[in-house]
Amino acid sequence: MKKEEFYDLVRSVPKAELHIHEEAVLSRGTIQNVFSRNFGRELSEEELSALFEYDDLAGFLSSFIKIQSYFTNISDFEDMFSDFESYLNENNISYCETFFSPTSHLKKGWKFHDMMGVIQKSIERIQEHSGRTVRLIVDVSRSFGPENAMKNLDLVLGERNPYIIGIGLGGDEKKGPARDYQAVFEKAAANGLHTVVHAGETCGSSSMKDSLALCRAERLGHGIAAAEDEDFLKQLAQSGVPLEVCPTSNIFILKEFGGDMKKHPVRRLYDSGAFVTLGTDDPTFFKVSLLDEYWNLYSSLHFSLEEIRRIIENGFKASFMEQEEKERSLLRAGEAWDSWFAGHPDCC
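So, here's what we can say about the structure.

The rules we used
- Residues numbered from 1 in each chain as written.
- Predicted model: local features only at pLDDT ≥ 70, side-chain atom pairs only at ≥ 80, totals over all residues.
- Heavy atoms only, no water.
- Helix = DSSP H or I, 4+ residues; strand = E, 2+ residues; numbered from the N terminus.
- Buried < 20%, exposed > 50% of the residue type's maximum accessible area, 1.4 Å probe, protein only.
- Salt bridge = Lys/Arg side-chain N within 4 Å of Asp/Glu carboxyl O.
- Contact = heavy atoms within 4.5 Å.
- 1 Å grid on protein atoms, 1.4 Å probe; cavity = no way out; pocket = protein on both sides within 12 Å on 5 of 7 lines; lining within 4 Å.
- Points joined across faces, edges and corners; volume = space filled by probe spheres on them.
- Nonpolar A, V, L, I, M, F, W, Y, C, P; charged D, E, K, R; others polar.

### A short note on unusual backbone geometry
Its identity as a non-glycine residue notwithstanding, Arg 160 has a phi of 50°, on the positive side. Looking at the secondary structure, you find Arg 160 in the loop between helix H8 (146-159) and strand E4 (164-169). Note on Arg 160: relative accessible area 48%, which makes it partly exposed. In this model, His 222 sits at a positive phi of 80°, which is unusual for a non-glycine residue. Assignment of secondary structure puts His 222 in strand E6 (residues 219-222). Overall, His 222 belongs to the buried group, its relative accessible area being 0%.

The following block contains the structure:
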């Protein structure tokens, strides 16, 4: 299938995305506008470009936190969610579970309740205007340590906002082993929150094992280290724990791939029976969309169209939406897929 046809097909099908950070869809124009409004001058082209110049995870996280620092008013979240809505529309993402990282904003003195008030209104606006469903997973974050993570969890439990469905553990897993956050995740699970952990990206499968056994992770962010542990990969496939695979992000962060998408292990994970879902992680930072990631699977990693369809379905199946809504979403996705081919009888 030609690239233009492929994009048209996948764009026509409603999809779920489960691994994306909401700040990471900010356009350069919005970053410039927020900075100018809050600091009284424009970012120079050199300053703006420098925000996207990094060659490792630490550099990326530093830029991520720096951009967060430009948000000096809670109302700035409205700009961020405007970009988020555009991203969902452009990629036809009907359901999204996005990570929200509050710590940097809390350190400015912002109140969690006030932040959630603006975010909730933004999510409801997206639902009303575009018919897209957005739910939040609060990233308690390795970057600030276990004590801070517990404080974030307590804020979530105190807020009980209906749009927050769980907590996640993001950041550099080398500097914040999952086992250090066991108490946080046990408390979250005991209080009915869903739990997800970034694991198996920059560390080996032991990080994934701790995330499952100690943090009760229901999904694993990235999880590509499983490809190097045959016994664990078999166990993972049998358990059906979903992996939120983000190929372009992994290719950038992990130097052993040499920037070559063809070397990404998602093909092996899928062929071994792992429950693979597809995400972008940070679209603006890695210059990738969800449509692009599906094209990467098809064009560089030899996924068939039928396999692409299954991975689209996996996004809904692995989500935390209610079962009835999952079934409706799967039906709509299947109908859109079949409708596209009915309208293109000469394709493929």
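### A few points about the pattern of salt bridges
Applying the stated rule across the entire model yields 18 salt bridges. The residue Asp 154 makes a salt bridge to Lys 187 at a minimum N-O spacing of 2.7 Å. Of the two residues, Asp 154 is situated in helix H8 and Lys 187 in helix H9 (residues 182-190); the sequence distance between them amounts to 33 residues. With its nearest N and O atoms 2.9 Å apart, the salt bridge here joins Glu 325 to Arg 332.

### Some remarks on the side chain of Asp 76
Within the fold, Asp 76 resides in helix H5 (residues 76-91). By relative accessible area, Asp 76 is classed as buried at 0%. What Asp 76 contacts, discounting residues up to four positions off in sequence, is Val 34, Arg 37, Asn 38, Tyr 70 and Phe 71.

### Things to note about the layout of surface pockets
Here the largest pocket defines a volume of roughly 290 Å³. Residues belonging to the lining of the largest pocket are distributed by class as follows: ten nonpolar, three polar and eight charged. Size it by volume and the second largest pocket reaches roughly 180 Å³. Forming the walls of the second largest pocket are Val 25, Asp 83, Ser 86, Tyr 87, Glu 90, Asn 91, Pro 283, Thr 284, Val 288, Ser 289 and Leu 291. Listing elements by their share of the lining of the second largest pocket, those giving two or more residues are H5 and helix H14 (283-286). With five residues, H5 is the largest single contributor of residues to the lining of the second largest pocket. A breakdown of the residues in the lining of the second largest pocket according to their chemical character gives five nonpolar, four polar and two charged.

### What to know about empty space enclosed by the protein
Tallied over the entire structure, the rule returns one cavity of 30 Å³ or more. In this structure, the largest cavity spans a volume of roughly 270 Å³. Taken together, 23 residues line the largest cavity, and the ones lying closest to its centre are His 21, Leu 61, Phe 64, Asp 139 and Gly 171. When contributions to the lining of the largest cavity are tallied by element, the ones reaching two or more residues are helix H4 (57-69) and helix H6 (103-106). For the lining of the largest cavity, the leading source of residues is H4, giving six residues. Taken together, the residues of the lining of the largest cavity sort by class into seven nonpolar, twelve polar and four charged.

### What to know about the environment of Ser 130
Tracing the backbone shows Ser 130 in helix H7 (residues 112-130). Along the backbone, Ser 130 and Val 10 are 120 residues apart, and their C-alpha atoms lie at a distance of 18 Å. Contact partners of Ser 130, with chain neighbours within four places excluded, come to Glu 85, Asn 89 and Arg 125.

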